[in-house]
Amino acid sequence: MSVFRLPLEPIFPDPDLAEPDGLLAVGGDLSPERLLRAYADGIFPWYSEETPILWWSPDPRMVLLPAELHLSRSLQRTMRGDAFEVRADTAFGEVIRRCAAKERPGQDGTWITDEMIEAYERLHELGFAHSFESWREGELAGGLYGVSLGAAFFGESMFADQADASKVAFASSVEWLRGRGFEIIDCQVDTDHLRRFGAREIRRAEFLARLRNALATATSRGPWKIGPA
C-alpha cells in the first residue's frame, strides 16, 4: 500500500488503507478543522521535528472502556487521601509543555513539537482539548491532556513529577468521564502502564464502530470542572 499525501481540504483516506504499522497519510496541517476531522475518523498525528506531519490509525487500537477501569488497592488508598487535588482545564498549557519536556525511556526527544503545542492550545481555546491535573500544595505535580468529541475522549500524553500524580489524574479523569456518559477512551497504542488500568487492544473495525456510536452524542465543550455534576 502507499502512504497518502493529504490535499488542502481537511479530509482523510479510509483508515483501513493504513500501512501495517498504522501509518495512513503524510502532510496537511494542524488546523482545528483537520484535527477534529482526524479524531472523528479514528486518526491522530504523531511525528517529530525531523519529519513532515504523519497521520496514524493503528490496528489493533488500545482503548479503555470507562466501566472496565481497574485501580490497584494502593492507588485507591492514595485517591481516598488528601495528597492530591485533582482539577480540570486550569493549566492546559503547562500540562502539555510538561508532557513535552518529560524524558521517557527509549524515546529520543519528543513528538510534542512547538507546532503541536500551538495546535492543541487552539483546540483547548475552542473547548475540544482538555487537561486533568494533580496538584499538591499549590504545585502542579502531574497530569494528562487529550481531545473530546461526543462521548469519546482521545488521550494524548501524561506526565508526573511526583509519585502517583499522573495515576491519580488519569484514574480521576476516567471516573469523571464515566459519570458523564463517556463510552470510550482512546489510548492509541499498547503500554503495560495502561493495561494495569484495564485498557486493552481491539481491532480497528470495532474501534471505529464504537467511535461512530460515541460521536452520536453531543460534544461537551470546555472548560470542564472536576466536582459535582
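I will try to describe carefully the structure that is included in this document. (Residues numbered from 1 in each chain as written. Predicted model: local features only at pLDDT ≥ 70, side-chain atom pairs only at ≥ 80, totals over all residues. Heavy atoms only, no water.)

Examining the overall build of the chain
Here is the rule we go by: Helical segments are the DSSP runs of H or I of at least four residues, strand segments are the runs of E of at least two, and each set is numbered from the N terminus. As a reference, a globule follows 2.2 Å times the number of residues to the power 0.38, and the radius of gyration itself is taken over C-alpha atoms. Summary of the burial criterion: residues with accessible area below 20% of their type's maximum are buried, those above 50% are exposed, and those between are partly exposed, where the area comes from a 1.4 Å probe applied to protein chains only. Any two residues whose heavy atoms approach within 4.5 Å at even a single point are treated as in contact. Using the Shrake-Rupley algorithm and a 1.4 Å probe, accessible areas are obtained, with residue cover drawn only from the displayed protein chains.
Helix and strand counts for the chain stand at seven helices and 11 strands. By the compact-globule yardstick of 17 Å for 229 residues, the chain fits well, its C-alpha radius of gyration being 17 Å. Principal-axis analysis of the C-alpha atoms gives the chain an extent of 50 × 35 × 35 Å. Counting over 229 residues, the chain shows a buried share of 51%. In the chain, 70% of the contacts between residues at least 6 apart in sequence involve partners at least 24 apart. Counting every atom, the chain has about 11,100 Å² of accessible surface; 50% of that belongs to carbon and sulfur.

Notes on unusual backbone geometry
Of note, the bond from D59 into P60 is cis; its omega dihedral lies within 30 degrees of zero at 10°. As for its placement among the helices and strands, P60 is situated in the loop between strand 4 (54–56) and strand 5 (61–64). G222 connects to P223 through a cis peptide bond whose omega is 5°. Along the chain, P223 falls in the segment after helix 7 (204–214). Despite not being glycine, D89 shows a phi value in the positive range, around 60°. Here D89 shows up in the loop between strand 6 (85–88) and helix 3 (92–101). A positive phi is found at D164, a non-glycine position, where the angle reads about 75°.

Section: the state of the cysteines
Filter applied, for reference: The disulfide definition used here is simple: a pair of cysteine sulfur atoms within 2.5 Å.
Under the criterion given, the structure shown has zero disulfides. Here C99 stays free of any disulfide, with the sulfur of C187 as its closest cysteine sulfur at 14 Å. In this structure C187 comes out as buried when scored by relative accessible area, which is 10%.

Considering the sheet that holds strand 3 (residues 44–45)
Note the threshold: In short, DSSP must find at least two bridges between two strands for them to pair.
On the basis of which strands lie adjacent, the open sheet formed by four strands has the order 1-2-4-3 and mixed pairing. Edge positions in the open sheet fall to strand 1 (4–5) and strand 3, since each of these has one partner strand only. Sheet topology places strand 3 next to strand 4; two bridges connect them, and they run antiparallel. Along strand 4, the bridge assignment pairs F44 with W56.

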